[in-house]
Amino acid sequence: MCGIAGYIGKKQAAPIILDGLAKLEYRGYDSAGIAVFDGEKIHMEKAVGRLRVLDELTRHGASMPGFCGIGHTRWATHGCPSDTNAHPHMNRENTIAVVHNGIIENYDVLKARLEKKGYQFVSETDTEVLAHMLTEYYRGNPAEAIEKVMHRVEGSYALGIMFLDHPHHIYAARKDSPLIVGVSDTGKFIASDVPAILQYTRTVYYMENEEIVCLSNEHTRFYNIDGEPIEKEPVTVDWDIHAAEKGGYEHFMLKEIHEQPKAIRDTISPRIKENDIDLGELNLTDEEIKRLRKISIVACGSAYHTGVTGKYVIEDLARIPVETDLASEYRYRNPIYAPDSLVIIVSQSGETADSLAALRDAKAHGSKVLSIVNVVGSSIARESDAVLYTWAGPEISVATTKAYSCQLAVFYMLAMKFARIRGSITAEHFQTLLEALRRLPDQVEGLLSQKEKIQYFANHYLATEHIFFMGRGIDYAISLEGSLKLKEISYIHSEAYAAGELKHGTISLMEKGTLVVALATQDALYPKTVSNIVEVKTRGAFVMALTTLRHKDMEKCADYVLYIPETESPFMGSLAIIPLQLFAYYVALGRGLDVDKPRNLAKSVTVE
Ligand code: F6R
């Protein structure tokens, strides 16, 4: 959500900043802007719409010469998307330029105070108060003015700031919104995320809350909010640069769907050792695992959906009670933190505001927090007691696919490990599951090779207005994700139901031709789901069913059947989701939509 890129060095800043912003497009935005020190003044350009508008306006930065600048892609919160509301924001004298990710929660109070003092606001944004406050506190020392502002604002921010008085410096600061600093031989960078700078450097500093950095050609200086210098160690990022490129695929989403076998393999293989699962990162002793009385899984969106599967799998195998919550609900519902319980936060980005707030609440109540995170060094990873990383690599498409699949794989390993330590499954059962887990990446690969069949089916449903997904148990959890995937990128209204729940209301929506996608991969629940399929068919629905090859009889009751290979029932979701991801992709493609950057959505939701 919003992206920041900044550069100071030996090269022209604007093209580097524009390229960096392009790499952050996946975060979601509706306008963009850039400010560059041109040797005399701070030259600023802003444009509503896609980055290409700004790119054309500035002739890919050629019209903005200079070696030091900051840029921003804005996802509107305060004030509609417009040139005026786009960042950077400047003070009236055009001597201070600010870009900001996050929300200044007390901006109305601050704005009223500034207006009384005669400051005039031109935008509707919360960010503009920062430009005026910096002016108010600036006495020649930028870091001091930034500290004063930080002490007075409430909310979240990642900031990039330039002062005309200090033309060869970039300042940056953060609180609860991600920001990194990159250093190379030819320049220094600030960015919201690693892909923005990966082509220039792998040496990165992760900024912590309430830290300030001052970058110049000569130095990289970090301070805390009280102006005290701090020492930070750089980290070498080992992401493959090509992982952040499309690599011949039409969309990042399709590429990432195809990367799933590798991503799952990378996530499970290092943890399978000598016919056992090694989760050394867990930071829990066997005794603590045996004592566990409750697990709370907390996340948002698709990550929440993996938590719904996680509940089924952990309860089934490890026999530990699990509750799965939406982070936005959990953080405000005064949850009960019992002794011997574990909170698991799931997040691809590791920066989701609600998930981070839930984590902090849990920690403040003395709960142990384990996180399942994809981005190394992200806020959630850093603040957790233990982290199980998903090794999906950078995920660029807004609609998650490979990170989702890796999160599922981590839940399988957790459930198996807990089950083994607690003795709720036999050694033989554990080995059977382990073999099935090892086979999963190849099975996903096999499913991907059948994508034409799904494309063919998807092409018949491009004009559909409503699609229902249903299933029982894990099939229900996967239905939730299949439905979300479809609606977020195709804009078709879709809902997911526990199949047995339909007749308690929603079945009234079934009429001739309504498309129902029915998942029936769980042998134990198969006859029940078939009954539910018959119920909707009786009301005229057209049913596309997803089941395993042993259930050929499905062809007698569903209108169209897709088969997935057999695996152990707890792992079925990893196979069932593949056709649903492809279905969503091909429907969106057929409708001519922007698959990777669906409207109104942001990849990293860093505000509430
Ligand atoms: C949907 C999607 C979102 C995210 C959600 C949580 O495709 O990607 O629903 O799953 O915003 O994001 P993270 O996992 O970064 O916490």
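Please refer to the structure placed before this passage.
Presented here is an overview of the structure given in this document. Treat the numbers as computed from the prediction; the structure is a model and nothing was measured.

Now for the sheet that holds strand E7 (residues 157-163). If you walk across this open sheet you meet the seven strands as E5-E6-E7-E8-E12-E13-E14, and the pairing is antiparallel. At either margin of the open sheet sits one strand with a lone partner, and together these are strand E5 (89-90) and strand E14 (229-230). One ladder, built from five bridges, connects strand E12 (residues 211-215) with strand E13 (residues 220-224); its direction is antiparallel. By the bridge assignment, Val213 is partnered in E13 with Phe222. On the sheet, helix H4 (residues 128-137) packs against E5, strand E6 (96-101) and E7 and is oriented at approximately 140 degrees with respect to E6. Packed onto the sheet, helix H5 (residues 142-152) meets E7, strand E8 (170-175), E12 and E13 and runs at close to 20 degrees relative to E8.

Here we come to unusual backbone geometry. Most peptide bonds take the trans form, and the phi angle of most residues other than glycine is negative. For the bond running from His87 to Pro88, omega is 0 degrees, close enough to zero to count as cis. Following the sequence through the fold, Pro88 ends up in the loop between strand E4 (68-74) and E5. Positive phi is not limited to glycine here, since Asp176 has a value of about 60 degrees. Mapping Asp176 onto the fold places it in the loop between E8 and strand E9 (180-183). Relative accessible area serves as the criterion here: at 16%, Asp176 is assigned to the buried category. Phi is positive for Arg319, which is not a glycine, with a value near 55 degrees. With respect to the helices, strands and loops of the structure, Arg319 is situated in the loop between helix H9 (301-318) and strand E19 (322-326).

Nonpolar side chains in soluble globular proteins generally cluster together in the buried interior. In terms of nonpolar packing, the biggest core is built from 91 residues, with Ile295, Ile344, Leu414, Phe418 and Leu437 touching the most fellow members. Setting aside chain neighbours within four positions, we find Ile295 in contact with Ile314, Ile320, Pro321, Val322, Glu323, Leu342, Ile344 and Phe418. Of all hydrophobic cores here, the second largest spans 31 residues; its members include Ala14, Ile16, Leu21 and Tyr206.

Turning our attention to the pattern of salt bridges. One pass over the structure, following the stated rule, counts 35 salt bridges. For Asp276, the salt bridge is made with Lys417, and the minimal N-O distance between the two is 3.6 Å. With Asp276 in strand E17 (residues 276-277) and Lys417 in helix H13 (residues 402-422), this residue pair connects regions lying 141 residues apart in the sequence. With a relative accessible area of 16%, Lys417 lands in the buried category. Here Arg360 makes a salt bridge to Glu383, at a shortest N to O gap of 2.6 Å. Residue Arg360 is found in helix H11 (residues 353-364), and its partner Glu383 is found in helix H12 (residues 379-383); the two are separated by 23 residues along the sequence. Judged by its relative accessible area of 28%, Arg360 falls in the partly exposed class. The partly exposed category is assigned to Glu383, whose relative accessible area is 24%. One salt-bridge network, held together by shared partners, links Lys175, Asp176, Arg360 and Glu383.

Near the ligand lie 14 residues; those nearest to it are Ser347, Gln348, Ser349, Thr352 and Glu488. A distance of 3.1 Å separates an oxygen atom of the ligand from a polar atom in the backbone of Ser302. A distance of 2.6 Å separates an oxygen atom of the ligand from a polar atom in the side chain of Glu488. Taking 410 Å² as the accessible area of the ligand by itself, protein coverage stands at 89%. Those elements that provide at least two residues to the shell around the ligand are H9 and helix H16 (474-490). Residue classes in the shell around the ligand are distributed as five nonpolar, seven polar and two charged.

Unfilled space is identified by rolling a water-sized probe across the atoms. Summed over the entire model, instances satisfying the criterion amount to five cavities of 30 Å³ or more. Quantified by volume, the largest cavity comes out at close to 220 Å³. Taken together, 25 residues line the largest cavity, and the ones lying closest to its centre are Ser192, Asp193, Ser349, Glu351 and Val375. What the second largest cavity holds in volume is close to 110 Å³.

Turning our eyes to something else, we now look at helix H19 (residues 572-590). With 19 residues, H19 extends 28 Å from end C-alpha to end C-alpha; this agrees with the ideal 27 Å at 1.5 Å per step. Of all 19 residues in H19, 17 are buried, a share of seventy percent or more. Positive phi appears at Gly592, one or two residues downstream of H19, with a value of about 70 degrees.

Mapped onto the elements, Gln348 comes out in the loop between strand E20 (341-347) and H11. Residues contacting Gln348, with those up to four places away along its chain left out, are Val373, Asn374, Val375, Glu395, Ala403, Gln407 and Lys603.

The side chains of a regular strand alternate, first on one face of the sheet and then on the other. Counted along the chain from E12 to the antiparallel partner E13, the turn is four residues long. In this structure, E13 lies alongside E14, joined through two bridges in antiparallel fashion. Bridging from a neighbouring strand, Tyr223 pairs with Pro229 of E14.

Our next topic: the side chain of Ser494. Relative to the assigned elements, Ser494 resides in strand E24 (residues 493-498). At 3.2 Å, the side chain of Ser494 forms a polar contact with the backbone oxygen of Ile467. Those residues in contact with Ser494, other than ones at most four positions away along the chain, are Ile467, Phe469, Ser483, Leu486 and Lys487.

Here we take up the packing of H9 against H13. Where H9 meets H13, the closest approach of the two axes is 9 Å, and the angle between their N-to-C directions is 20 degrees. Judged by the angle between their axes, H9 and H13 are roughly parallel. Relative to H13, H9 is oriented so that their crossing is right-handed. Along its contact with H9, which presents Ser302, Ala303, His305, Thr306, Gly307, Thr309, Gly310, Val313, Ile314, Leu317 and Ala318, the element H13 presents Tyr404, Gln407, Leu408, Phe411, Tyr412, Ala415, Met416, Phe418, Ala419 and Arg422. Residues belonging to the contact of H9 with H13 are distributed by class as follows: 13 nonpolar, seven polar and one charged.

Rules behind the numbers
- Residues numbered from 1 in each chain as written.
- Predicted model: local features only at pLDDT ≥ 70, side-chain atom pairs only at ≥ 80, totals over all residues.
- Heavy atoms only, no water.
- Pairing = 2+ DSSP bridges.
- Helix = DSSP H or I, 4+ residues; strand = E, 2+ residues; numbered from the N terminus.
- Contact = heavy atoms within 4.5 Å.
- Axes fitted to C-alpha atoms, helices over the stretch in contact; angles between N-to-C directions.
- Buried < 20%, exposed > 50% of the residue type's maximum accessible area, 1.4 Å probe, protein only.
- Core = buried A, V, L, I, M, F, W, Y, C linked by side-chain atoms within 4.5 Å.
- Salt bridge = Lys/Arg side-chain N within 4 Å of Asp/Glu carboxyl O.
- Near = heavy atom within 4 Å.
- Polar contact = N/O pair within 3.5 Å; in protein donor to acceptor, adjacent residues only side chain to side chain.
- Areas by Shrake-Rupley, 256 points an atom, 1.4 Å probe, with all protein chains shown as cover.
- Nonpolar A, V, L, I, M, F, W, Y, C, P; charged D, E, K, R; others polar.
- 1 Å grid on protein atoms, 1.4 Å probe; cavity = no way out; pocket = protein on both sides within 12 Å on 5 of 7 lines; lining within 4 Å.
- Points joined across faces, edges and corners; volume = space filled by probe spheres on them.
- Expected span 1.5 Å × (residues − 1).
- Parallel < 35°, antiparallel > 145°, perpendicular 65-115°, else oblique.
- Left-handed = near helix turned anticlockwise from the far one by under 90°.

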